[in-house]
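# Coordinates in review
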Amino acid sequence: MRPTGKLHLGNYMGALANWVKLQDEYECYFFVADLHALTTDYADPSAIVPNTMEVALDFLAAGLDPSRSTIFVQSHVKQHYELPLLLGMNTPLGWLERVPSYKEMQENLTHKDLTTYGFLGYPVLMASDILLYQPKFVPVGQDQQAHVELTREIARRFNFLYPKEPAVLPEPDVLLTPSPKLPGTDGRKMSKSYGNTIQMTDPEPVVRQKLKTMVTDPARVRRTDPGNPDVCPVGDLHKVFSTPETLANVYEGCRSAGIGCIQCKGWAADALVQVLAPIQERRASFTPDRVKEILKAGSDKAEKRAEQTMVQVRSAMQLSTESSGGE
Ligand code: SF4
């Protein structure tokens, strides 16, 4: 996950909540992708370090468990610099230019000059981030499947050029994780760039205030007008966070104009506060020193694993090593 600052409920439901569950079944690697942040924020990297700490704290607050999973910062593991360079040697330019987000982000982030080698190459960086751990699966939501597909292509090409048995960079499969529709307070997808988020760290009064200003079914102008939770962003929040009983009351009360939107939003806020309370409690239990300690231990472990892959990669590409003398 890129260090964009404190995470919001969209990040939590779309990724973190799934990751927490995956820890029960899989050996997992989770990292804060600070090098990815540099692909767009290279001109002013001052926010990357503080944001990295915030994201790491949110990882831990959500329930990622350093005793079961490897949690680290990308730039602390030097193999994340090395593999992209090597994979860049054999990744065709056309593959990178046709990545939909390449053009899209260049058009959207007009205030940043993204005509750089690093930005064009970010899919190679991402493929390296994955392939370094020779994983079986990459947990992603539906909208990110294309990224994993490119990683598979890059791995396939590497294995074709440098055939070994077994393959040095096995093609990972997608592990599709649920990413429920989570609207922000303005009804659009919850996203930091829209300024419509509910943060994982928002205290109860802030959550309630944000809910109060949230848009509702536009057809429900007066209290006496019936509404439809299926076209209301607050209804979408209920679907994700409320109990079946509350959800039934929302449908009944909204469609019959039996409840007002203020009451309905209050119920949604209750559900959110209940989800957020244990997360915020856990967040408060980690000191900055403890987070640094966890990230250091995670980086050490990740580096050991990544180096095992790199030994195979260097050998497959016939790179000389110090011990072989370079002749
Ligand atoms: S009652 Fe609830 S679901 Fe219905 S329009 Fe109002 S906020 Fe939306």
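The following refers to the structure shown. None of the values given here were measured: they were computed from a predicted structure.

Calculation rules
Residues numbered from 1 in each chain as written. Predicted model: local features only at pLDDT ≥ 70, side-chain atom pairs only at ≥ 80, totals over all residues. Heavy atoms only, no water. Helix = DSSP H or I, 4+ residues; strand = E, 2+ residues; numbered from the N terminus. Buried < 20%, exposed > 50% of the residue type's maximum accessible area, 1.4 Å probe, protein only. Contact = heavy atoms within 4.5 Å. Lys, Arg positive; Asp, Glu negative; His and termini not counted. Charge placed at Lys NZ, Arg CZ, Asp CG, Glu CD. 1 Å grid on protein atoms, 1.4 Å probe; cavity = no way out; pocket = protein on both sides within 12 Å on 5 of 7 lines; lining within 4 Å. Points joined across faces, edges and corners; volume = space filled by probe spheres on them. Nonpolar A, V, L, I, M, F, W, Y, C, P; charged D, E, K, R; others polar. Near = heavy atom within 4 Å. Sits in = over half its atoms within 2 Å of the grid points. Expected span 1.5 Å × (residues − 1). Bend = angle between axes of the 7 residues up to and from the residue. Phe/Tyr/Trp six-rings, centres within 6.5 Å; stacked < 30°, edge-to-face > 60°. Core = buried A, V, L, I, M, F, W, Y, C linked by side-chain atoms within 4.5 Å.

The next subject is the overall build of the chain. Secondary structure summary: the chain contains 14 helices and four strands in total. In terms of its C-alpha atoms, the chain occupies a principal-axis envelope of roughly 85 × 40 × 40 Å. Looking at the chain as a whole, 49% of its 327 residues are labelled buried. Of the contacts formed within the chain by residues at least 6 apart in sequence, a portion of 76% connects residues at least 24 apart. Seen as two clouds, the 35 positive and the 39 negative side-chain charges of the chain have centres 4 Å apart.

What the rule picks out here adds up to one cavity of 30 Å³ or more. The computed volume of the largest cavity comes to approximately 80 Å³. If you go around the largest cavity, the residues you meet are T216, D217, R220, P229, C232, V234, G235, V250, C254, C261 and C264. Mapped by element, the contributors of at least two residues to the lining of the largest cavity are helix 11 (233–241), helix 12 (244–255) and helix 13 (261–284). For the lining of the largest cavity, the residue count by class is seven nonpolar, two polar and two charged.

This paragraph deals with the site of the ligand. In the vicinity of the ligand, the residues found are T216, D217, R220, P229, C232, V234, C254, C261 and C264. When each cavity is represented as a set of grid points, the ligand is found to reside in the largest cavity. Looking at the shell around the ligand residue by residue, the classes come out as six nonpolar, one polar and two charged.

We now examine the layout of surface pockets. Of the pockets and cavities examined, the second largest pocket occupies roughly 540 Å³. In this structure, the second largest pocket is lined by 19 residues; those nearest its centre are P84, L85, Y117, G118 and G121. At six residues, the largest contribution of residues to the lining of the second largest pocket is made by helix 4 (residues 79–89). Looking at side-chain class alone, the lining of the second largest pocket contains 13 nonpolar, six polar and no charged residues.

Below, the discussion takes up helix 1 (residues 9–22). The end-to-end C-alpha distance of helix 1 is 18 Å, a good match for the 20 Å that 14 residues give at a rise of 1.5 Å each. Where helix 1 bends most, at A15, the angle is about 35°. For helix 1, the buried fraction is high: eleven of the 14 residues fall into the buried class. Residues of helix 1 that are buried: L9, G10, N11, Y12, M13, A15, L16, A17, N18, W19 and L22. Close packing links the buried residues of helix 1 with strand 1 (29–32), helix 3 (48–62), strand 3 (137–140), strand 4 (173–176), helix 11 and helix 13.

Let us now look at unusual backbone geometry. Looking along the chain, the bond that leaves E165 and enters P166 is cis, with omega of -5°. Topologically, P166 is positioned in the loop between helix 9 (145–161) and strand 4. Residue Q134 is not a glycine yet carries a positive backbone phi of 40°. The backbone of Q318 shows a phi angle near 55°, a positive value even though the residue is not glycine. Inspection of the secondary structure assignment puts Q318 in the segment after helix 14 (288–316). Given the relative accessible area of 72%, Q318 is considered exposed.

This next bit is on the packing of aromatic side chains. If you walk through the whole model with that rule in mind, you get eight aromatic pairs. Each ring, one from W19 and one from F59, has its centre 5.7 Å from the other, and the planes form 80°; the classification is edge-to-face. Of this pair, W19 sits in helix 1 while F59 sits in helix 3, placing them 40 residues apart in sequence. Under the relative-accessibility criterion, W19 is labelled buried at 11%.

What follows concerns the nonpolar core. Among the nonpolar cores identified, the biggest contains 48 residues, and L9, Y12, L16, F59 and L211 are the most heavily contacted of them. Not counting the four nearest positions on each side in its chain, Y12 is found in contact with A17, A62, M200, V275 and I279. Listed in part, the 34 residues of the second largest apolar core include L87, I154, F158 and V313.

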